[in-house]
Amino acid sequence: MIKKLCILIFFFGFSVNALISQEYRSISGKVYLKENSDQQKRKSRGIAGIYLSDGEHLFKTDKSGNFIARIPSESPFFVIVPDGYKMENTSWYRSIPKDGEQINFELQKESINDNFNFLAIGDVQVGSREEINMADVSFFREIANRDDFDFGMYLGDLVNDNTALFHPLRQSMNSIPKPYRVVYGNHDWKYGALHELQDKPFTADFGPKNYAFERGNVLFITLNSIYPVGKYGYKGIYKAETISFFKELLGKVLKKNQLIIINQHIPLRWMKNKNELLDLLNIDHEVLLLSGHTHSVSRYFYQRDSRSDIQEVVCGAVSGNWWTGQKNWEALPSALMKDGTPRGYFKVSVSDNTYKLRYKAIGLDPSRQMNTWFGSLDNNNIANMIDTISNKFILNFYAGSDKTKIKIFVKDKFMGYMEKENELDPYIKRIKAWQDKKLYPNKLSQKSPYLSTPSSHIWSMDMSDLNFKDFNLLTIEIEDPFLEPFKYSINFRDFIE
């Protein structure tokens, strides 16, 4: 009996050790400086002090640029590209290295200052080739023709449960002559697969779900916010390895006075264990968090004791309201988001360890930062109609927040501040009413869902005391510590003549 028990213990122990040895892989390699000439290449210099990671643990190159890592997971392995080096789209990571594999990373010097711009891009979320075409002729065409940004940050949900679209979508992304990084979203999965297999197409095409890089005086940190539940579900939960990775970054990579920019898909305030992250962020650094997921735009602030607030910007969606709504002459749907924001993205302008935000509605003039409504929803004519039912002026400032103040001027005379409200955007109300009456959209277009959510950036002012025949222009002035200064004028003469 004792002999049998010993044999069982031996085999049990052997099985456990075998499983453990299969889970861990030993890899090694070198991080070296890319040289131009053949002679220089033969003498390629290793770079000391460069951090690498598997998305949970950090490793560091020695004085010769060499590293040895023992990694416990099947995630990609990557280099944390430091400031002053180029951001290539794929050369910074390796997909699931084999045990014993030798991996080399080649970094190329780049002249970078502390002032730069990048695009924060939420939910392209294409579900078909037709929707890729929609993205091509609108979003990708637009950013291909602007040269005022250094890279793009895609904030998850590139596709809509269809990973076969990763390849054609990547062709569109690669057609833009700017580097980019990608966040893992809850629809970027292999639909219905086992939990351990759901993210494999994403990591094969776009790399790790947790990673970091530096640019200027900023530490960018991308975090996986998706925790699979059941066969088709998910929750917003940071896994233990994500928190471990974040903690190591703050302890080893973060420099004094660096701005921290965190990128994830699900907004922080929806995360079940958000306090684990917030507790680690009780430090003397400015923090900006960028997310997507909600197909709406909002800004939220987390207070810290004796420190500046952490701002989270939910950046809207390139797909808007999931590519729905009445189509125009280019077969592009209006896709007005449920908060009344046109589909679009943010430009983030960084200066040292500070930043400014600006929303860009796709296909609209950059000055278009708001929708205005003057009149009543009881008419089916165009918005901004003055009638006898209501003289309530309503303004939807897309990038607005609780820190936004909106002034109204008539003939250069200050009339007062608009009052912030929590209500449906009037254009959304009208779309909803038209859909209920089956007036909108036509049979070639798709009905818009989710039109009952109040917008977080609506302001109003009662103008019943104004005599509109006495002036032509009403001027709107925006004050916000995180936005570029902004003025906008409306000509009321057009509405009353």
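Residues numbered from 1 in each chain as written. Predicted model: local features only at pLDDT ≥ 70, side-chain atom pairs only at ≥ 80, totals over all residues. Heavy atoms only, no water.

- Per an unreviewed UniProt entry, the recorded name for the protein is Calcineurin-like phosphoesterase C-terminal domain-containing protein, and the organism is Zunongwangia pacifica.

1. A look at the overall build of the protein
Line of reasoning, step 1. Of regular secondary structure, the protein possesses nine helices and 28 strands.
Line of reasoning, step 2. When burial is assessed residue by residue, the protein has 53% of its 497 residues classed as buried.
Line of reasoning, step 3. Across the protein, every contact between residues at least 6 apart in sequence was considered, and the portion connecting residues at least 24 apart equals 68%.
Line of reasoning, step 4. Total accessible area on the protein is roughly 23300 Å²; 50% of this is exposed by carbon and sulfur atoms. (Helix = DSSP H or I, 4+ residues; strand = E, 2+ residues; numbered from the N terminus. Buried < 20%, exposed > 50% of the residue type's maximum accessible area, 1.4 Å probe, protein only. Contact = heavy atoms within 4.5 Å. Areas by Shrake-Rupley, 256 points an atom, 1.4 Å probe, with all protein chains shown as cover.)

2. What to know about the environment of Ile112
Line of reasoning, step 1. Locating Ile112 in the fold gives a position in the loop between strand S7 (102-107) and strand S8 (115-121).
Line of reasoning, step 2. Along the sequence, Ile112 and Tyr85 sit 27 residues apart, while their C-alpha atoms lie 8.1 Å from each other.
Line of reasoning, step 3. Those residues within four positions of Ile112 in sequence are excluded, and the remaining contacts are Asp83, Gly84, Tyr85, Arg215 and Gly216.

3. A few points about the sheet that holds strand S27 (residues 473-479)
Line of reasoning, step 1. Taken together, four strands build an open sheet; the order of strands is S24-S23-S27-S28 and the sheet is antiparallel. Two strands lie at the open edges of the sheet, namely strand S24 (413-417) and strand S28 (486-491), each paired on one side alone. Within the sheet, the average angular offset between the axes of one strand and its neighbour, ignoring direction, is 25 degrees. (Pairing = 2+ DSSP bridges. Axes fitted to C-alpha atoms, helices over the stretch in contact; angles between N-to-C directions.)

4. Brief notes about the pattern of salt bridges
Side-chain pairing between opposite charges can occur once the charged atoms of the two side chains come close.
Line of reasoning, step 1. Per the counting criterion, the structure on display carries 22 salt bridges.
Line of reasoning, step 2. Lys252 is the salt-bridge partner of Glu248, the closest N and O atoms lying 2.9 Å from each other. Here the residue Glu248 and the residue Lys252 both occupy positions in helix H6 (residues 240-253), the gap between them amounting to four residues, near one helical turn.
Line of reasoning, step 3. Glu248 sits in the buried class, given a relative accessible area of 18%.
Line of reasoning, step 4. The closest approach of N and O atoms between Glu312 and Arg269, which form a salt bridge, is 3.7 Å. A residue pair is termed long-range when its members are at least 10 positions apart, and Glu312 in strand S18 (residues 307-315) and Arg269 in the loop between strand S15 (259-263) and helix H7 (274-280) qualify at 43 residues. (Salt bridge = Lys/Arg side-chain N within 4 Å of Asp/Glu carboxyl O.)

5. Brief notes about empty space enclosed by the protein
Line of reasoning, step 1. Scanning the model with the defined rule gives three cavities of 30 Å³ or more in all.
Line of reasoning, step 2. Its boundaries defined by the atoms lining it, the largest cavity holds a volume of some 60 Å³.
Line of reasoning, step 3. Taken together, Asn89, Thr90, Trp92, Tyr93, Arg170, Tyr180, Arg181, Val182, Asp205 and Phe206 make up the full set of residues lining the largest cavity.
Line of reasoning, step 4. Elements supplying a minimum of two residues to the lining of the largest cavity: strand S10 (180-182) and helix H5 (200-206). (1 Å grid on protein atoms, 1.4 Å probe; cavity = no way out; pocket = protein on both sides within 12 Å on 5 of 7 lines; lining within 4 Å. Points joined across faces, edges and corners; volume = space filled by probe spheres on them.)

6. Brief notes about the packing of aromatic side chains
Line of reasoning, step 1. The final tally for this structure, using the stated rule, is 37 aromatic pairs.
Line of reasoning, step 2. Centre to centre, the rings of Tyr154 and Tyr180 are 5.9 Å apart; their planes meet at 85 degrees, and the pair counts as edge-to-face. With Tyr154 in strand S9 (residues 151-154) and Tyr180 in strand S10, the pair connects residues that are 26 residues apart, well separated along the chain.
Line of reasoning, step 3. Overall, Tyr154 belongs to the buried group, its relative accessible area being 3%.
Line of reasoning, step 4. What links up through ring pairs into an aromatic cluster is the set Phe78, Trp92, Tyr93, Tyr211 and Phe245.
Line of reasoning, step 5. Taking the ring centre of Phe414 as reference, the NZ or CZ of Lys407 above it sits at 6.0 Å. (Phe/Tyr/Trp six-rings, centres within 6.5 Å; stacked < 30°, edge-to-face > 60°. Lys NZ or Arg CZ within 6 Å of the ring centre and 35° of its normal.)

7. What to know about helix H8 (residues 426-436)
Line of reasoning, step 1. Considered for burial, the residues of H8 that qualify are Pro426, Tyr427, Ile428, Arg430, Ile431 and Gln435.
Line of reasoning, step 2. Packed against the buried residues of H8 are strand S21 (370-374), strand S22 (392-397) and strand S26 (455-462).
Line of reasoning, step 3. Put simply, Asp425 is the residue that caps the front of H8, since its side-chain oxygen is 2.8 Å from the backbone nitrogen of Tyr427.
Line of reasoning, step 4. Lys438 sits one or two positions beyond H8 and adopts a positive phi of about 60 degrees. (Polar contact = N/O pair within 3.5 Å; in protein donor to acceptor, adjacent residues only side chain to side chain.)

8. Structural notes on the sheet that holds S7
Line of reasoning, step 1. Read across the sheet, three strands follow the order S4-S1-S7 without closing on themselves; strand pairing throughout is mixed. Bordering the open sheet on either side are strand S4 (66-71) and S7, each of which pairs with just one other strand. On average, each strand axis in the sheet is inclined to that of its neighbour by 25 degrees, with strand direction left out of account.
Line of reasoning, step 2. Alignment of strand S1 (residues 25-33) against S7, held across six bridges, turns out to be parallel. Paired with Lys30 across the two strands is Asn104, which belongs to S7.

9. Considerations on helix H4 (residues 166-174)
For an α-helix, 3.6 residues make a turn, and residues three or four places apart therefore share a direction.
Line of reasoning, step 1. Those residues of H4 not exposed but buried are Phe166, Pro168, Leu169, Ser172 and Met173.
Line of reasoning, step 2. Of the surrounding secondary structure, the elements contacted by the buried residues of H4 are helix H3 (129-144), S9, S10 and H5.

10. Quick look at the nonpolar core
Line of reasoning, step 1. Phe118, Tyr154, Leu277, Phe393, Phe397 and Ile476 are the most contacted members of the largest nonpolar core, which totals 127 residues.
Line of reasoning, step 2. If near-sequence neighbours (up to four positions away) are discounted, Phe393 is found in contact with Thr372, Trp373, Phe374, Ile408, Met418, Trp459, Ser460, Met461, Met463, Leu474, Ile476 and Ile490.
Line of reasoning, step 3. Counting ten residues, the second-largest nonpolar core is a separate cluster that includes Ile394, Ile428, Ile431 and Leu451. (Core = buried A, V, L, I, M, F, W, Y, C linked by side-chain atoms within 4.5 Å.)

11. Structural notes on the pairing of strand S11 (residues 211-215)
Line of reasoning, step 1. Of all five residues in S11, five are buried, a share of seventy percent or more.
Line of reasoning, step 2. Neither face of S11 is open: one carries Tyr211, Phe213 and Arg215, the other Ala212 and Glu214, and all of them are buried.
Line of reasoning, step 3. Bridge analysis of S11 against strand S12 (residues 218-222) gives five bridges, and the strand direction is antiparallel. Looking at the pairing, Tyr211 lines up with Thr222 of S12.

12. Some thoughts on the confidence of the model for the protein
Line of reasoning, step 1. Taken over all residues, the pLDDT of the protein has a mean of 89, while the share at 70 or more is 89%.
Line of reasoning, step 2. The model gives residues 2-22 a pLDDT under 50, and that stretch makes zero contacts with residues more than four places away or in other chains.
Line of reasoning, step 3. The model gives residues 379-389 a pLDDT under 50, and that stretch makes 27 contacts with residues more than four places away or in other chains. (pLDDT = per-residue confidence, 0-100.)

13. Considering the environment of Lys338
Line of reasoning, step 1. Inspection of the secondary structure puts Lys338 in the loop between S18 and strand S19 (344-351).
Line of reasoning, step 2. It is 8.5 Å that separates the C-alpha atoms of Lys338 and Gly320, two residues lying 18 residues apart in sequence.
Line of reasoning, step 3. At 3.2 Å, the side chain of Lys338 and the backbone oxygen of Thr294 are in polar contact.

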